[in-house]
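Coordinate inspection notes
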Amino acid sequence: MMVRPHTTKMPKKTGTALDNLSAFCDAAVAPGAQMRFSQVKFLATVAMYSPKGVNQTTLAKETGVTLGSISRSIDVFGSKGRKDRGGKGRNFLHVEADPLDDRNKIVTISSEGMDYLFTMIGYLGS
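Below you will find a few notes about this structure. (Residues numbered from 1 in each chain as written. Predicted model: local features only at pLDDT ≥ 70, side-chain atom pairs only at ≥ 80, totals over all residues. Heavy atoms only, no water.)

**Some remarks on the packing of helix H2 (residues 37–49) against helix H3 (residues 56–63)**
Two numbers describe how H2 lies on H3: the axes approach to 10 Å, and their chain directions differ by 125°. The angle between H2 and H3 places the two elements in the oblique class. In this structure, H2 crosses over H3, and the sense of that crossing is right-handed. Between H2, through Lys41, Phe42, Thr45, Val46 and Tyr49, and H3, the contact on the second element is made entirely by Thr58, Leu59, Glu62 and Thr63. (Axes fitted to C-alpha atoms, helices over the stretch in contact; angles between N-to-C directions. Helix = DSSP H or I, 4+ residues; strand = E, 2+ residues; numbered from the N terminus. Parallel < 35°, antiparallel > 145°, perpendicular 65-115°, else oblique. Left-handed = near helix turned anticlockwise from the far one by under 90°. Contact = heavy atoms within 4.5 Å.)

**Quick look at the sheet that holds strand E2 (residues 93–97)**
Pairing is antiparallel across the open sheet formed by three strands, whose spatial order is E1-E3-E2. This sheet does not close on itself; its edge strands, each paired only once, are strand E1 (54–55) and E2. Two strands pair when backbone bridges link them, and E2 and strand E3 (residues 105–109) are joined in this way by five bridges, in the antiparallel orientation. Of the residues in E3, the one forming a bridge with Glu96 is Ile106. With respect to the sheet, H2 is in contact with E1, E2 and E3, its orientation differing from that of E3 by roughly 95°. (Pairing = 2+ DSSP bridges.)

**Things to note about the side chain of Thr45**
Turning to its location among the elements, Thr45 is positioned in helix H2. Sequence-distant contacts of Thr45, that is, excluding residues within four places in its chain, are made with Leu59, Glu62 and Thr63.

**Details of the packing of aromatic side chains**
Taken as a whole and judged by the stated rule, the model has three aromatic pairs. Members of the aromatic cluster, joined through ring pairs, are Phe42, Phe77, Phe92 and Tyr116. (Phe/Tyr/Trp six-rings, centres within 6.5 Å; stacked < 30°, edge-to-face > 60°.)

Read these as geometric descriptors, not functional statements.
Below, the structure written as structure tokens:
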């Protein structure tokens, strides 16, 4: 089976969708952004639970990752940044203690986080 090269001319509608997807991917991996798709999914999941918020256990179940991964994502996208890299966080999240369980945190998306998600959605088009 012969595979066509990616430069094969596509119908306009499909080409536009692929252009949008390509722009989305470029924005996700741009210097300073460097977002994995799992991280975009994490932010989108937090946004779906906002403004009420969501705890770490629910986030892990919804996104299919470990609690450790959720904890790292909260550090990266919250105000702290990763502990092992000493950097600042992105301030995409607000994090508070869970009043029902002191082992958990309640996570909501910040306006900066929503701005980022809407930018990414804009690349995908309608």
